[in-house]
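Residues per chain are reported as follows:
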Amino acid sequence: MSGELRALGLAHGLILGLLLACPLFAPGLLPWGIDALLLVGGFQLRLADRRFALRPGAKNWISHILMAPRRLIRWGAAAVVALIAGDAGQAQAVIVAALLCELLAYPLSTLTLGRRSLPWVAGALTLLLVIDGISAAGALHHMLVFTSGVIACLVWLRGPDGEPRALALAMGSGLAAAVTPIFLPGTLPFAVPLLVVCTAWSLAHLSMLRRRPMPWGLAGRFA
């Protein structure tokens, strides 16, 4: 399935490219860029890892790292960008978050929510998005944002995927998240992660969009 979601992969690469340009053109957007990179990264990791439960053994606890070790380069890139921007504290927070996310947050989220039903997973995502907006910048915040991406993918995997109504709901929610801070500036910390989640959902639905079923008939076949 992960190979089919090219739009989401392209968006992830675009976010990384924009993040690399932030120190030169928009240093103030750096924290938001890191959040978006980590959230989409968590989404894609959960998508690539087909397991719904951890297997026994210490090695299987880090099997997601062994599966795609080059994925860790994005953590290093985010830390380097923070250093270029002159924010050593942000760079240190990214490195600490990398350890927490890869060795703790991702395995635990798989263990606790991998086999839960949609209401449980959607409730956990809603709670995490609220905490994302409240939590102060730092390693814990990065870990929470990354975990939000993982759980957002768990919600999407429970379907319906690729249906026009689900796509419209995701795009409508994303539009609401983008517009709300214009009228209520205080909602910006909550709206940004929600916007990224809805954008990821929209791209995933677009990649899997199903055509409306048409009745089979000879006239349509030979037209």
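Residues numbered from 1 in each chain as written. Predicted model: local features only at pLDDT ≥ 70, side-chain atom pairs only at ≥ 80, totals over all residues. Heavy atoms only, no water.

1. Observations concerning a nonpolar patch on the surface
And then number 1: Among the surface-exposed residues, Trp61, Leu99, Leu103, Leu104, Leu108 and Leu111 lie close enough to one another that they form a single nonpolar patch of about 520 Å² accessible area.
And then number 2: With 5 residues, the top contributor of residues to the nonpolar patch is helix 6 (residues 88–113). (Patch = residues over 30% accessible without salt bridge, like charges linked within 9 Å, V, L, I, M, F, W, Y side chains within 5 Å. Areas by Shrake-Rupley, 256 points an atom, 1.4 Å probe, with all protein chains shown as cover. Salt bridge = Lys/Arg side-chain N within 4 Å of Asp/Glu carboxyl O. Helix = DSSP H or I, 4+ residues; strand = E, 2+ residues; numbered from the N terminus.)

2. Observations regarding the environment of Pro31
And then number 1: As for its position among the elements, Pro31 is in helix 2 (residues 30–48).
And then number 2: You can call Pro31 partly exposed: its relative accessible area is 36%.
And then number 3: Between the C-alpha atoms of Pro31 and His142, which are 111 residues apart in sequence, the distance is 9.7 Å. (Buried < 20%, exposed > 50% of the residue type's maximum accessible area, 1.4 Å probe, protein only.)

3. Examining the environment of Ala91
And then number 1: Residue placement: Ala91 occurs in helix 6.
And then number 2: According to the relative accessible area criterion, Ala91 is buried, its value standing at 5%.
And then number 3: It is 7.4 Å that separates the C-alpha atoms of Ala91 and Ala78, two residues lying 13 residues apart in sequence.

4. Considerations on the packing of aromatic side chains
And then number 1: For the structure on display, the rule yields 2 aromatic pairs.
And then number 2: Aromatic side chains Phe43 and Trp156 sit 6.5 Å apart centroid to centroid with 50 degrees between the ring planes, which places their arrangement in the tilted category. Within this pair, whereas Phe43 is found in helix 2, its partner Trp156 is found in helix 8 (residues 139–157), the two being separated by 113 residues in sequence.
And then number 3: With centroids separated by 5.6 Å and ring planes inclined at 45 degrees, the aromatic side chains of Trp75 and Phe146 adopt a geometry described as tilted. Of the two residues, Trp75 is situated in helix 5 (residues 73–84) and Phe146 in helix 8; the sequence distance between them amounts to 71 residues. (Phe/Tyr/Trp six-rings, centres within 6.5 Å; stacked < 30°, edge-to-face > 60°.)

5. Structural notes on empty space enclosed by the protein
And then number 1: Enumeration over the complete set of coordinates arrives at 1 cavity of 30 Å³ or more.
And then number 2: Taken together, His12, Leu37, Leu38, Gly41, Gly42, Arg71, Arg74, Trp75 and Phe146 make up the full set of residues lining the largest cavity.
And then number 3: If you list the elements that add at least two residues to the lining of the largest cavity, you get helix 2 and helix 5.
And then number 4: Here the lining of the largest cavity gets 4 residues from one element, more than from any other, and that element is helix 2.
And then number 5: Its residues placed into classes, the lining of the largest cavity shows 4 nonpolar, 3 polar and 2 charged. (1 Å grid on protein atoms, 1.4 Å probe; cavity = no way out; pocket = protein on both sides within 12 Å on 5 of 7 lines; lining within 4 Å. Points joined across faces, edges and corners; volume = space filled by probe spheres on them. Nonpolar A, V, L, I, M, F, W, Y, C, P; charged D, E, K, R; others polar.)

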